[in-house]
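Structural overview for review
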Amino acid sequence: HSALKAASAAPAGVWQPLPADAGKAMRVLFFMHMPPLLRVLSRMSFTAQQMLMPRPQQARMELFAAACEGWQTNWTTHYNQRQLSSYNKDNVALTGLAGKVHLLSRDAVPDARRVSPAQVDNITDPTMGVWHPDEMRLTMGWSGGGFALDTANTPKKPFASTHVHLHFNYFNPFQAVPHKDAVLYHTETLPAPYHTTL
């Protein structure tokens with residue numbers, strides 16, 4: 001009975017590292033293998049936007065971090081780990097790199113029960129048991145580019161669907177800043193002798 005049960009078990013599912021759609025796959029590959037100068041440009045773009053944010057940010061950091069909660073998957077981790085599948089061992093593994101601007105998704109990678117049926121008799125299509133991440137949305141993530149002030153103010157949260165728990169404090173430097181905070185930060189404070197009570 002045990003031998004029959006083992007023989008009727010479906011093969012392990014295959015989690016592909018890239019979407020089946022060529023356009024979506026190219027977007028992921030661009031982030032994984034971005035030319036160094038473009039990585040520098042992306043970091044400078046986010047840094048320039050961040051420099052417009054009021055500082056110090058401790059009192060308002062929850063405003064910028066709230067827009068970036070709920071990340072489920074780090075695309076770099078998914079891309080690199082799924083290339084290690086025994087089904088892909090004959091392929092040349094191309095390690096993706098994570099720059100300061102990360103590629104993330106709010107969607108989780110499905111578990112084995114959702115990818116492959118339990119019994120081989122239930123496999124009725126060649127695509128069954130093979131999963132492509134086409135439905136995983138692509139989002140950029142920013143954690144301050146290495147500034148100690150930015151990475152120290154929000155709780156560290158691991159990604160839910162990665163085998164390696166990567167701790168990053170993501171926030172959105174493009175988040176709208178309250179008008180009062182922006183005015184107070186970008187307005188020079190007068191010396192004490194010139195203070196008046198309104």
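Presented here is a report on the structure given in the accompanying data block. (Residues numbered from 1 in each chain as written. Predicted model: local features only at pLDDT ≥ 70, side-chain atom pairs only at ≥ 80, totals over all residues. Heavy atoms only, no water.)

Description of the environment of glycine 96
Within the secondary structure, glycine 96 is located in the loop between α5 (75–82) and β3 (101–105). Since its relative accessible area comes to 4%, glycine 96 is described here as buried. Separated by 68 residues in sequence, glycine 96 and valine 28 have C-alpha atoms that sit 9.5 Å apart. Setting aside chain neighbours within four positions, we find glycine 96 in contact with Met32, His33, Thr76, Tyr79 and Asn80. (Helix = DSSP H or I, 4+ residues; strand = E, 2+ residues; numbered from the N terminus. Buried < 20%, exposed > 50% of the residue type's maximum accessible area, 1.4 Å probe, protein only. Contact = heavy atoms within 4.5 Å.)

Some remarks on the packing of aromatic side chains
By the definition in use, this model includes three aromatic pairs. Seen in terms of ring centroids, phenylalanine 46 and phenylalanine 174 are 5.4 Å apart; in terms of plane orientation they differ by 90°. Their pairing is edge-to-face. Taken as a pair, phenylalanine 46 in helix α3 (residues 36–50) and phenylalanine 174 in the loop between α7 (148–151) and α8 (179–186) lie far apart in primary sequence, 128 residues in all. Note on phenylalanine 174: relative accessible area 48%, which makes it partly exposed. Taken together, Phe46, Trp142 and Phe174 form an aromatic cluster joined through their ring pairs. (Phe/Tyr/Trp six-rings, centres within 6.5 Å; stacked < 30°, edge-to-face > 60°.)

Examining the side chain of arginine 39
Considering the arrangement of structural elements, one finds arginine 39 in helix α3. Classification of arginine 39 by relative accessible area gives buried; the value is 18%. Among the polar contacts listed, one links the side chain of arginine 39 to the backbone oxygen of phenylalanine 31, at a separation of 3.0 Å. In contact with arginine 39, other than residues within four places in its own chain, are Phe31, Met32, His33, Met34, Leu97, Ala98 and Gly99. (Polar contact = N/O pair within 3.5 Å; in protein donor to acceptor, adjacent residues only side chain to side chain.)

Description of the pattern of salt bridges
Scanning all chains against the criterion turns up one salt bridge. With a shortest N-O distance of 2.8 Å, arginine 137 and aspartate 107 are connected by a salt bridge. In this pair, arginine 137 is assigned in the loop between β4 (130–131) and β5 (139–142) and aspartate 107 in the loop between β3 and α6 (112–115), connecting sequence segments 30 residues apart. Owing to a relative accessible area of 18%, aspartate 107 belongs among the buried residues under this scheme. (Salt bridge = Lys/Arg side-chain N within 4 Å of Asp/Glu carboxyl O.)

A word on the pairing of β3
Counting buried positions over the five residues of β3 gives five, a clear majority of the element. Residues Val101, Leu103 and Ser105 of β3 are buried on one face, and the alternating residues His102 and Leu104, pointing to the opposite face, are buried as well. Pairing analysis gives two bridges linking strand β2 (residues 73–74) to β3, with the strands arranged antiparallel. Paired with threonine 73 across the two strands is serine 105, which belongs to β3. (Pairing = 2+ DSSP bridges.)

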